[in-house]
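# Coordinate analysis (summary)
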Amino acid sequence: MGRAVGPRVAGRFGRLLLELGGNNAMIVAPSADLDLAARAILFAAVGTAGQRCTSLRRLIVHRSIYGTLIARLAAAYRSVPIGDPLAAGTLVGPLIDKHAFDAMQTALARAKEDGGAVNGGERVLAERHQAAYYARPALVEMPAQTAIVCQETFAPILYAMQYETLDEALALHNGVRQGLASAIFTTDLREAERFMSAEGSDCGIVNVNIGPSGAEIGGAFGGEKETGGGREAGSDAWKAYMRRATNTINYSKDLPLAQGIRFDA
């Protein structure tokens, strides 16, 4: 849609504020607080049934802690309460419609074809809610960042991958077309600083030891690359919605010229 709208707006020299897709990732480093990381991952990946632009979709975990973290997440995924989102205690509600559920199943099938191990993802509560599409959140262990991983599927799918060096993790992290929200969990100051630097995350929202899902209203919200480059909220957001005019009123009988130019005629 951004590609369709962009040329039309540019044709009249108009302004664009685009908020497009997101394929948000989190790097979990060897020094990470795994209790904190696990809670952040669960909320970011399955909250709102994975149906928000800042939902966590890719998890990049160091090999030394991968098994421990995935086992903890798998147990949490199996026990997460699914049901009526208006009911107390429910953490995962339904997908918006059948199309969203079908897209989720297509993505999981492609992940399996690519060698992924899929945990969850099946439809649940169908006998109770025949017209609604509830799905168990899917945790997918991937051998590599394949084409389906690089594609945003608006559903509770979390693709988990391993890395050995931070360079490798950053390459995986930045290796998608979208650039909205990102996170790293680490207690290594050098890793945190690098992730927030120009050679780190290429996203508009870059977090350390907090998940990517959501944003503070005081911060500029938006992303880079195919996310569109727009910024909403924050102290400068109003500039995108306004046209600046420079007004000069001369109350004197003299004619002051710009930059102090002298022009006597």
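Residues numbered from 1 in each chain as written. Predicted model: local features only at pLDDT ≥ 70, side-chain atom pairs only at ≥ 80, totals over all residues. Heavy atoms only, no water.

### A word on the packing of aromatic side chains
Using the criterion set out here, one finds one aromatic pair in the structure. Arranged with centres 5.7 Å apart and planes meeting at 35°, the rings of Phe 101 and Tyr 133 form a pair that is tilted. Of this pair, Phe 101 sits in helix H4 (residues 98–113) while Tyr 133 sits in the loop between strand E4 (123–124) and strand E5 (134–135); the two residues are 32 residues apart in sequence, bridging distant segments of the chain. Looking at Tyr 133, the relative accessible area reads 15%, which means it is buried. One cation-aromatic arrangement involves Arg 123 over Tyr 133; the distance from NZ or CZ to the ring centre is 4.0 Å. (Phe/Tyr/Trp six-rings, centres within 6.5 Å; stacked < 30°, edge-to-face > 60°. Helix = DSSP H or I, 4+ residues; strand = E, 2+ residues; numbered from the N terminus. Buried < 20%, exposed > 50% of the residue type's maximum accessible area, 1.4 Å probe, protein only. Lys NZ or Arg CZ within 6 Å of the ring centre and 35° of its normal.)

### Here's the deal with a nonpolar patch on the surface
A cluster of nonpolar side chains, Leu 255, Leu 257, Ile 261 and Phe 263, forms an exposed patch at the surface whose accessible area comes to about 470 Å². On the basis of relative accessible area, Phe 263 is assigned to the exposed category, the value being 66%. (Patch = residues over 30% accessible without salt bridge, like charges linked within 9 Å, V, L, I, M, F, W, Y side chains within 5 Å. Areas by Shrake-Rupley, 256 points an atom, 1.4 Å probe, with all protein chains shown as cover. Salt bridge = Lys/Arg side-chain N within 4 Å of Asp/Glu carboxyl O.)

### Comments concerning the environment of Gly 223
Structurally, the position occupied by Gly 223 is in the loop between strand E10 (205–208) and strand E11 (224–225). Classification of Gly 223 as buried rests on a relative accessible area of 0%. With 41 residues separating them along the chain, Gly 223 and Ser 182 place their C-alpha atoms 10.0 Å apart. Not counting residues within four places of it along the chain, the set of residues in contact with Gly 223 comprises Glu 19, Gly 179, Leu 180, Gly 204, Gly 228, Gly 229, Gly 230 and Arg 231. (Contact = heavy atoms within 4.5 Å.)

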